[in-house]
Amino acid sequence: MSLFPMLTFEKCLTPFQCTYLARSLNRLLDPVNIAFPGKTVPSTSEMESIVRIMVSELTAARGDEELKKLSTNNIVKAIRDILNKCDNLMHFGSGISDIASAPTQYHVKNMQVMNVLCTLHSKLEEVPADLSVGRTEVWNMISDNVNSLLNPFSPDRAYFQHSPRHRLRIEKQDIAGCSTYISLIEEAVTHLVSNYLSQLSCKSTILPKLKEFQDSLISLYLHHLCMVRPLGEGGKMKIATDIAEMERVLGGLLDEHTVNEQFKVLRAFRAVLFLSVEDLSTVRNVPRPMLLNHLFSRAGDALLSPYKVAGWTPPQYVAWLYSHPYEVVDMIQGTIQWYEDMIRESGAPSFDPIYPHIIKLLQS
């Protein structure tokens, strides 16, 4: 059979295919429009129904790969229409970033929309087609909104530092006293979980974002611990107790107490507190920059911490650590260079006993 008649036959079918696809798109968009009447948030069952229609359209096109591909494009269009309608339902005013108190009607509605998006994302996993583009766009919107919810608590916005009642302080009086910062952080985490995260019905969908957030808080905590100075034996015992409490508090962010990498680092740092300086260079499960910063806390007054040489406060140094993770060792080397020059100029008889251990760790 010649190719020409086949091409002519396919050309004759093109108008019918276009008509079919147009009607298919209408079948996809009509229930979307019904589910989003004005400012009302769709129900879970409505989203599940929409996804079932998507599956039905793909099933009808399963006999022709080209038609299935075109039907998949229609589904992506429907997904984008859902995302656009969800975006229009959400409130992005200035007050939405204030989550220190009880949720407002705008917070509640935003979380209802997030539940819709999570339902859509989880149900799209069941669709027998390559909808990676559509799923990615849904996930990106979920991710952006979870970030907005958690942002006031995040290290770069420093919720714990700016709020007078929830301030992450690892200071001498905290170590000597009852570590009030632990109860303040627990209060903040409990508030976040009970008043906000509890309203998210598809928590399993956003679990990766919660783990990422949990990791950032542990990292923030560890960076502050590394700069506690001076640090005596009593302080070490107190911090070891606080670390155990912090693990319990931050574990409350998730329904399951998964021991992820940052938790392992937190536990390892508790052991580091009681190691001799000679043994610190053998530690492998705590990042080298953290070990280096911790070594300064064991030094005498003349060997200043890097943030003091730079003229910064500890919170400023932590903020810099987050934005320049690959430059920390260089900064510490610069601090050591400053210290070496200072010792030579002052004519001091010797270096601090911690100095050679910092050099060894820098060179490891």
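Draft legend 1. Local environment of the overall build of the chain. If you tally the helices and strands in the chain, you get 17 helices and 0 strands. For the chain, with 364 residues in total, the buried portion stands at 46%. Nonlocal contacts in the chain, meaning residues at least 24 apart in sequence, comprise 72% of its contacts between residues at least 6 apart. Split by element, the accessible area of the chain, about 18,300 Å² in all, is 55% carbon and sulfur.

Draft legend 2. Quick peek at empty space enclosed by the protein. On inspection of all chains with the given rule, the structure shows 2 cavities of 30 Å³ or more. In this structure, the second largest cavity occupies an estimated 30 Å³ of space. Looking at the second largest cavity, the residues that line it are Val277, Leu280, Ser281, Leu295, His357, Lys360 and Leu361. For the lining of the second largest cavity, the secondary structure elements donating two or more residues are α12 (277–280) and α17 (355–363).

Draft legend 3. Structural detail: the side chain of Thr119. The residue Thr119 is located in helix α4 (residues 105–124) in this model. Under the relative-accessibility criterion, Thr119 is labelled buried at 4%. Once you skip the residues sitting within four places of it in the chain, Thr119 turns out to touch Thr44, Met47, Glu48 and Cys202.

Draft legend 4. Layout of unusual backbone geometry. Residue Arg229 is joined to Pro230 through a cis peptide bond whose omega torsion reads 0°. Within the secondary structure, Pro230 sits in the loop between α9 (207–226) and α10 (233–251).

Draft legend 5. Region of interest: the pattern of salt bridges. With the rule as written, the count across this model stands at 11 salt bridges. Between Arg248 and Glu245 there is a salt bridge, and its shortest N-O distance comes to 2.8 Å. Of this pair, Arg248 and Glu245 both sit in helix α10, separated by 3 residues, roughly a single helical turn. You can call Glu245 partly exposed: its relative accessible area is 31%. Look at the salt bridges and you will find they share partners, linking Glu186, Glu245 and Arg248 into a network.

Draft legend 6. Representation of the packing of aromatic side chains in the model. The final tally for this structure, using the stated rule, is 7 aromatic pairs. Their ring planes at 40° and their centres at 6.3 Å tell us that Trp312 and Tyr317 sit as a pair that is tilted. Residue classification places Tyr317 among the buried positions, given a relative accessible area of 0%. On the numbers, 6.3 Å between centres and 10° between planes, the contact of Tyr317 with Trp320 is stacked. With Tyr317 and Trp320 both in helix α15 (residues 314–323) and 3 residues apart, this pair spans about one turn of that helix. Grouping residues by exposure puts Tyr317 and Trp320 together as buried. Each member of the aromatic cluster is reached from another via a ring pair, and the members are Tyr307, Trp312, Tyr317 and Trp320.

Draft legend 7. Examining the nonpolar core more closely. Core analysis: the biggest nonpolar cluster contains 104 residues, and Met54, Ile82, Leu197, Leu253, Phe269, Tyr317 and Ile358 have the highest contact counts within it. With 10 residues, α9 is the single largest residue contributor to this core. If we skip the residues at most four places from it in the chain, Ile82 touches Val32, Phe36, Met47, Ile50, Met54 and Leu120.

Draft legend 8. Here's a closer look at the confidence of the model for the chain. Here the chain shows a mean pLDDT of 83. Residues at 70 or above account for 87%. Ranking the elements of the chain by mean pLDDT puts helix α6 (residues 159–162) last with 44 and helix α14 (residues 306–309) first with 94.

Draft legend 9. Seen up close, the packing of helix α3 (residues 65–89) against α4. Closest axis-to-axis distance for the α3/α4 pair is 9 Å, and the angle between their directions is 165°. Here α3 is positioned roughly antiparallel relative to α4, judged by the angle of their axes. The hand of the α3/α4 crossing is left-handed. The residues of α4 that touch α3, namely those facing Ile79, Ile82, Leu83, Cys86 and Leu89, are Lys109, Val113, Val116, Leu117, Leu120 and Leu124. For the contact of α3 with α4, the class distribution of residues is 10 nonpolar, no polar and 1 charged.

Draft legend 10. How the structure looks around helix α5 (residues 132–150). Across its 19 residues, α5 extends 26 Å between first and last C-alpha, which sits within 8% of the 27 Å expected from 1.5 Å per residue. Its buried side turned inward, α5 meets α3, α4, α8 (180–195) and α9.

Draft legend 11. Representation of α9 in the model. Taking 1.5 Å per residue as the helical rise, α9 with its 20 residues ought to reach 28 Å, and the 28 Å between its terminal C-alpha atoms agrees with that figure. Counting buried residues in α9 gives 16 out of 20 residues, a clear majority hidden from the surface.

Draft legend 12. A look at the environment of Glu261. Looking at the element boundaries, Glu261 is found in helix α11 (residues 261–272). Linking Glu261 and Asn285, residues 24 residues apart in sequence, is a C-alpha distance of 9.2 Å.

Draft legend 13. A look at the packing of helix α2 (residues 44–60) against α3. Between α2 and α3, the shortest axis-to-axis distance is 9 Å and the interhelical angle comes to 165°. It follows that α2 is roughly antiparallel to α3 by the angle criterion. As α2 runs across α3, the sense of the crossing is right-handed. On the side of α2, the interface is formed by Met47, Ile50, Met54, Glu57 and Leu58, while α3 contributes Lys68, Ser71, Thr72, Ile75, Ala78, Ile79 and Ile82. Partitioned by chemical class, the residues of the contact of α2 with α3 number 8 nonpolar, 2 polar and 2 charged.

Definitions and cut-offs
Residues numbered from 1 in each chain as written. Predicted model: local features only at pLDDT ≥ 70, side-chain atom pairs only at ≥ 80, totals over all residues. Heavy atoms only, no water. Helix = DSSP H or I, 4+ residues; strand = E, 2+ residues; numbered from the N terminus. Buried < 20%, exposed > 50% of the residue type's maximum accessible area, 1.4 Å probe, protein only. Contact = heavy atoms within 4.5 Å. Areas by Shrake-Rupley, 256 points an atom, 1.4 Å probe, with all protein chains shown as cover. 1 Å grid on protein atoms, 1.4 Å probe; cavity = no way out; pocket = protein on both sides within 12 Å on 5 of 7 lines; lining within 4 Å. Points joined across faces, edges and corners; volume = space filled by probe spheres on them. Salt bridge = Lys/Arg side-chain N within 4 Å of Asp/Glu carboxyl O. Phe/Tyr/Trp six-rings, centres within 6.5 Å; stacked < 30°, edge-to-face > 60°. Core = buried A, V, L, I, M, F, W, Y, C linked by side-chain atoms within 4.5 Å. pLDDT = per-residue confidence, 0-100. Axes fitted to C-alpha atoms, helices over the stretch in contact; angles between N-to-C directions. Parallel < 35°, antiparallel > 145°, perpendicular 65-115°, else oblique. Left-handed = near helix turned anticlockwise from the far one by under 90°. Nonpolar A, V, L, I, M, F, W, Y, C, P; charged D, E, K, R; others polar. Expected span 1.5 Å × (residues − 1).

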